[in-house]
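# Working through the structure, step by step
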Amino acid sequence: MLAKGNVEVTDLLCATPPAIPEGSHAMTQLVELPPADPGLAPHRHSGPVFGYVLEGKIFFELEGEEPREIAAGEAFWEPGGDVVHYQVSNPDSSNWSRFVAVCICAPGVDMITMLEPEEIVARDHLRHPSARRHQG
């Protein structure tokens, strides 16, 4: 933690992202999920995403990682590119979840691309064993 005068700075997450292509841009988003909302279908981001949960909790799954809950006050990141983001939902049936996401967007590529059903099935073997949905 860095402290100077009355200012305190606490590192929440340190990560080495992939190289950021020239011409990329960044956007900061507030994402709000109603109680028990399933969130987005499987998708990928054109570049890395850094997030911080402001309120509630989210259920989060990246390709190859065990799905997990991330609570208010915790940070997360994902590399983007070819890595699939399978789940970001609100597991709480009574309260909203809110998080801030800072997205680095590759030039000429949409920030988010939804997966087609065939690709979800074809990539299932890349998911953490606890999250696999298809045999094959």
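Above this text sits the structure in question.
So, here is what we can say about the structure in this document. (Residues numbered from 1 in each chain as written. Predicted model: local features only at pLDDT ≥ 70, side-chain atom pairs only at ≥ 80, totals over all residues. Heavy atoms only, no water.)

### Concerning the sheet that holds strand E5 (residues 49-55)
Heads up, the condition is: Here, a strand pair is defined by DSSP locating no fewer than two bridges between the strands. The helix count covers DSSP runs of H or I at least four residues long, the strand count covers runs of E at least two residues long, and both are numbered beginning at the N terminus. Fitted lines through C-alpha atoms serve as axes, helices being fitted only where they are in contact, and the angles separating the N-to-C directions of these axes extend from 0 to 180 degrees.
Spatial strand order, E3-E10-E5-E8: four strands in an open sheet with antiparallel pairing. Edge strands, defined here as strands with exactly one partner in the open sheet, are strand E3 (25-33) and strand E8 (75-78). Across the sheet, the mean angle from the axis of one strand to that of its neighbour is 20°, orientation sign disregarded. By the bridge criterion, six bridges tie E5 to strand E10 (residues 97-105) in an arrangement that is antiparallel. Looking across to E10, one finds that Tyr52 is bridged to Val100.

### A short note on the nonpolar core
To be explicit about the condition: Note on terminology: a nonpolar core comprises buried Ala, Val, Leu, Ile, Met, Phe, Trp, Tyr and Cys residues joined through side-chain atoms within 4.5 Å. Buried, partly exposed and exposed residues are distinguished by accessible area as a fraction of the type maximum, computed with a 1.4 Å probe on protein chains only: under 20%, between the cut-offs, and over 50%, respectively. Contacts were defined at the residue level, with two residues in contact if any of their heavy atoms lie within 4.5 Å.
Ranked by size, the top nonpolar core spans 14 residues in total, and within it Val53, Ile58, Phe60, Ile70, Phe76, Phe99 and Cys103 carry the most contacts. Listing elements by their share of this core, those giving two or more residues are E5, strand E6 (57-62) and E10. Of the residues forming this core, the biggest block, four residues, is contributed by E10. Excluding residues within four positions of it along the chain, Phe76 makes contact with Leu13, Val49, Phe50, Gly51, Tyr52, Val53, Ile58, Phe60, Arg68, Ile70 and Phe99.

### Details of the side chain of Ser97
We count it as follows: Definition of a polar contact: a pair of N or O atoms within 3.5 Å, with one able to donate and the other able to accept a hydrogen when the atoms are protein atoms, and with sequence-neighbouring residues admitted only if both atoms are side-chain atoms.
Mapped onto the secondary structure, Ser97 falls in strand E10. Classification of Ser97 as buried rests on a relative accessible area of 0%. A distance of 2.4 Å separates the side chain of Ser97 from the backbone oxygen of Lys57, its partner in a polar contact. Within the structure, the side chain of Ser97 is placed 3.1 Å from the side chain of Asn90, a separation counted as a polar contact. With near-sequence residues (within four places) excluded, Ser97 lies in contact with Val31, Glu32, Leu33, Glu55, Gly56, Lys57, Ile58 and Asn90.

### With respect to unusual backbone geometry
Not every positive phi belongs to a glycine, and Ala36 is a case in point at roughly 60°. Tracing the backbone through its elements, the reader meets Ala36 in the loop between E3 and strand E4 (43-45).

### Looking at the environment of Asn90
Tracing the backbone shows Asn90 in the loop between strand E9 (85-89) and E10. Note on Asn90: relative accessible area 3%, which makes it buried. Remark: the alpha-carbon pair of Asn90 and Ala131, spanning 41 residues in sequence, is separated by 17 Å. Residues contacting Asn90, with those up to four places away along its chain left out, are Leu33, Pro34, Pro35, Ala36, Asp37, Lys57, Asn95, Trp96 and Ser97. A distance of 3.1 Å separates the side chain of Asn90 from the backbone oxygen of Pro34, its partner in a polar contact.

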